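Tertiary structure, described
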Amino acid sequence: MSEQQTKTKPADGGKMWSGRFREPLDAVFEQWQRSFPFDVRLLPQEVAASKAHARTIAAAGVLTDAELERMIEGLDQVGDIAPEFAPVEPGFVNPRLLAAELGTTPRFIRRWLGRQPEFSEIHVKHTRIALAKDDPLLLRMKNHFAIQANLNLDGEDACEEFPTTTEADLAASMARAEDIHHFVELQLTRMIGPLALKLHTGRSRNEQIATDMRLFVREAIDATAKGLRRWALALIELAEQAGDAAMPSYTHMQRAEPVLVAHWLLAYVAMIERDIARLADARRRMNYCPLGSGAVAGATLALDRSIAARELGFDSPTANSLDATSDRDFLLEFTQALATLGVHISRFAEEITLYSTAEFGYLDLPEAFSTGSSAMPQKKNPDFTELLRGKSARLAGAATTLAVLMKGLPLAYNKDLQEGQEPVFDTADTVRGILGILPAFTRSLKFNLERMRTAATTGYLNAMAAATYLSNQGVPFRKAHEIVGNTVRLGLESGRELDAIPLAELQGLSSAYGEDFRAAIALEATLDCHDVIGGTARARVRTALAEARERLSSGA
Ligand code: ARG
């Protein structure tokens, strides 16, 4: 009977779930539902989580020590995917490429590195190896393997226990894999044979994808925070260079009061610091390990979940299996925090675009970040800041996609969740791209401080200071406001700023005007009368600037 059944069953093509099926999948549907084309970038996370799971089931007695070792090494090999498919990250070397260059195998590179005292966590992230081109460790490694090659030590070179998978094997796995979990299983089977099939003991893809995505987001948060600090420091540098230079501030896009250029720039630093805090907060909330949650109800083996949690740098295991396998709050929070960052970047971009126009003339666009027009030879276009404004739209879009994706989902895992990956990848890539340019762009901005000062000292921006002067003379503020209003009208009608109206004429409007009025409405006095925490008085801004530098340098 069972033989009969086996005969009528279609070839399963190595699926992870084919046991209960009689009919093959529709070929078009099969292709269409795959997530591998985009979740392949989770390979490092999948390998790291699989290694942690292997240690957990080994501790539960499912694997012997030798089996565990073989599995860990096999998983590392799987992580050494062909360079053209490896997720790129600056500073990381591809173990496969390095091995080829040194005439050895990635496995021996790892073994050698593991024995070096200065080799630490900073050199590995998941399966990747981080080594700068001039890292002394890299030079020593090169020497070591060169000597090995000269001595022709077969023992060190032999890697026959591992059948090296060919590029054709890799291509076949890639073509067939439903998702990254399936891919790792297929490749691991090629590397270590049937032992690979034990890896899935006591786990489910539902907890795996939840874990992989957490690892991905955690790294993206760290990278973003680092980039944001760099941008903030660039703004601080500009602010320091601006010294006591002043510019108009605006409300309703009308000139309001003079502020220090540094004060204006520090407004963006304040936004950035909130963005960093939002990310740090989200990171704290998401740093729990779903492994051991099973498909929905918890693992069916008595696993010590703290092993994997510790190994992967999580604070502890998640508290509820239903929630852990279907929770994507951390994706929501990540995309929402970056959508908010997008809003800040876009506002900055808008101001720079505006201030670079001939109408404002506050700054000259750096040529390195601008383009010309194919039609109008005189033009220099603010492409970078315009694209920044545009990119913020897709960040907002990703956050919206996640929110709409989640809102109607019953507990627990549903395949809809697969659609939550790409907006997150896109968000991480978009922000990485932006923050790779924004600090250098910011640092290269050159302000026309003379023009900003002129704009700050014409158009009665000192009227508020004038009213404050009168109120200090004992005139009730409401009355003072009216008198200064009349004075401004007098100035407008006769084409004079407040400081150009002779005292005698001023006293015709109010006897409270005195000799010291002119000094009280000079630019510096106008700035310094805002002597409160967060105000634009020169001393206050100097302090704020120093404090900001201190906070952001130490956090770097
Ligand atoms: N590719 C799937 C995803 O991204 C992995 C989880 C699959 N789980 C399942 N029960 N089919 O969500």
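Because the structure is predicted, anything quoted here is derived from the model rather than measured.

1. Re the side chain of Gln208
Among the secondary structure elements, Gln208 is positioned in helix H12 (residues 205-242). Ignoring anything within four residues of it in the chain, the contact list for Gln208 reads Glu46, His181, His200 and Arg203.

2. Topic: the site of the ligand
Around the ligand, the surrounding shell consists of Ser35, Asp179, His181, Arg205, Asn206, Ile209, Tyr413, Gln418 and Gln421. Separating a nitrogen atom of the ligand from a side-chain N or O atom of Gln418 is a distance of 2.9 Å. In terms of residues, the shell around the ligand owes the most to one element, H12, which gives 3 residues. Tallied by class, the residues present in the shell around the ligand amount to 2 nonpolar, 5 polar and 2 charged.

3. Observations concerning the pairing of strand S5 (residues 254-260)
Pairing geometry for strand S4 (residues 246-251) and S5, over 5 bridges, is antiparallel. Bridge pairing in S5 places Ala246 opposite Leu260. Here S4 hands over to S5 after 2 residues, with His252 in that stretch at a positive phi of 55 degrees.

4. Details of the nonpolar core
Within the largest apolar cluster, 102 residues are counted, with the highest numbers of intra-cluster contacts made by Phe183 and Leu438. The greatest single-element share of this core, amounting to 15 residues, is contributed by H12. Setting aside its immediate chain neighbours within four residues, Phe183 contacts Phe36, Leu43, Val78, Ile81, Leu170, Ser173, Met174 and Ala177. If you look at the next biggest cluster of nonpolar residues, it comprises 18 residues, including Ala466, Leu470, Ile483 and Ala512.

5. Remarks on the pattern of salt bridges
Pairs can form between side chains of opposite charge once their charged atoms are near each other. The full count for this structure, using the stated rule, is 34 salt bridges. Measuring nitrogen to oxygen at the nearest pair gives 3.3 Å for the salt bridge that ties Glu178 to Arg205. Highlighted residues: Glu178 in the loop between helix H10 (167-176) and helix H11 (180-192) and Arg205 in helix H12, separated in sequence by 27 residues. Its relative accessible area of 6% is what places Glu178 among the buried residues. What you see here is one network of salt bridges that share partners, running through Lys51, Asp76, Asp80 and Arg110.

6. Comments concerning the packing of aromatic side chains
Scanning the entire structure with this criterion turns up 19 aromatic pairs. Here Tyr268 and Phe348 contribute two aromatic rings whose centre-to-centre distance is 5.1 Å and whose plane-to-plane angle is 75 degrees, an arrangement assigned as edge-to-face. Taken together, the positions of Tyr268 in helix H13 (residues 261-286) and Phe348 in helix H16 (residues 329-355) put the pair 80 residues apart, joining distant regions of the chain. Under the relative-accessibility criterion, Tyr268 is labelled buried at 4%. With a relative accessible area of 0%, Phe348 lands in the buried category. Cation over ring: Arg41 sits above Phe425, and NZ or CZ is 4.7 Å from the ring centre. Directly above the aromatic system of Phe314 lies the positively charged group of Arg218, at a separation of 4.8 Å from the ring centroid.

7. A closer look at the environment of His144
Its location among the elements puts His144 in helix H8 (residues 136-151). Here His144 falls in the buried class, since its relative accessible area comes to 18%. For the pair His144 and Val532, spaced 388 residues apart in sequence, the C-alpha to C-alpha distance is 63 Å.

8. Observations regarding a nonpolar patch on the surface
A contiguous nonpolar surface patch, about 260 Å² in accessible area, is contributed by Val296, Leu322 and Leu411. Mapped onto the secondary structure, Val296 falls in the loop between strand S6 (288-289) and helix H14 (305-311).

9. Some words on the confidence of the model for the chain
Averaged over all residues, the pLDDT of the chain equals 91, while 94% of them reach at least 70. In this model residues 1-11 is a low-confidence stretch, pLDDT under 50, and it forms 7 contacts with partners more than four residues away in sequence or in other chains. Long-range and interchain partners of residues 155-160, a stretch whose pLDDT sits below 50, account for 12 contacts in this model, where long-range means more than four residues apart.

10. What about the sheet that holds strand S3 (residues 128-130)?
Spatial ordering of the open sheet is given by S1-S3-S2, a layout of 3 strands whose pairing is antiparallel. Of all the strands in the sheet, just strand S1 (92-93) and strand S2 (124-125) have a single pairing partner and so form its edges. Alignment of S1 against S3, held across 2 bridges, turns out to be antiparallel. Bridge pairing in S3 links Phe92 to Ala130.

Procedures and definitions
- Residue numbering note: each chain is counted from 1, following its sequence as written.
- In keeping with the predicted nature of the model, local features appear solely for residues at pLDDT of at least 70, side-chain atom pairs appear and are counted solely at 80 or more, and the whole-chain, interface and lining totals rest on all residues.
- Side-chain numbers come from the whole structure's heavy atoms, not from hydrogens or water.
- Under the DSSP-based scheme used, a helix requires at least four consecutive residues in state H or I and a strand at least two consecutive residues in state E, with every element numbered from the N terminus.
- A contact between two residues is defined here by any heavy atoms of the two lying within 4.5 Å.
- Here a residue is considered near a molecule or strand provided that any single heavy atom belonging to it is located within 4 Å of it.
- Any N or O atom pair separated by 3.5 Å or less is treated as a polar contact, with the protein-specific requirement of one donor-capable and one acceptor-capable atom, and with residues adjacent in sequence counted only for side-chain atom pairs.
- Charged residues are taken to be Asp, Glu, Lys and Arg, nonpolar residues to be Ala, Val, Leu, Ile, Met, Phe, Trp, Tyr, Cys and Pro, and polar residues to be all remaining types, Gly included.
- DSSP bridges decide pairing: two strands pair if at least two such bridges lie between them.
- Buried Ala, Val, Leu, Ile, Met, Phe, Trp, Tyr and Cys residues that are joined via side-chain atoms within 4.5 Å together make up what is termed a nonpolar core.
- Type-normalised accessible area, obtained with a 1.4 Å probe on protein chains alone, sets the label of each residue: buried when under 20%, exposed when over 50%, and partly exposed for intermediate values.
- Whenever Lys or Arg places a side-chain nitrogen within 4 Å of a carboxyl oxygen from Asp or Glu, that contact is recorded as a salt bridge.
- Each Phe, Tyr or Trp ring, with Trp reduced to its six-membered ring, pairs with another whose centre is within 6.5 Å; inter-plane angles below 30 degrees give stacked pairs, above 60 give edge-to-face pairs, and intermediate values give tilted ones.
- Charge-over-ring placement is defined geometrically: NZ (Lys) or CZ (Arg) within 6 Å of the ring centre, and within 35 degrees of the ring normal.
- Only residues whose relative accessible area exceeds 30% and that form no salt bridge enter a patch; like-charged residues are grouped when within 9 Å of one another, and nonpolar side chains (Val, Leu, Ile, Met, Phe, Trp, Tyr) when within 5 Å.
- Computed with the Shrake-Rupley method and a 1.4 Å probe, the accessible areas treat only the protein chains shown as cover for residues.
- Values of pLDDT, which run from 0 to 100, indicate the predictor's confidence residue by residue.

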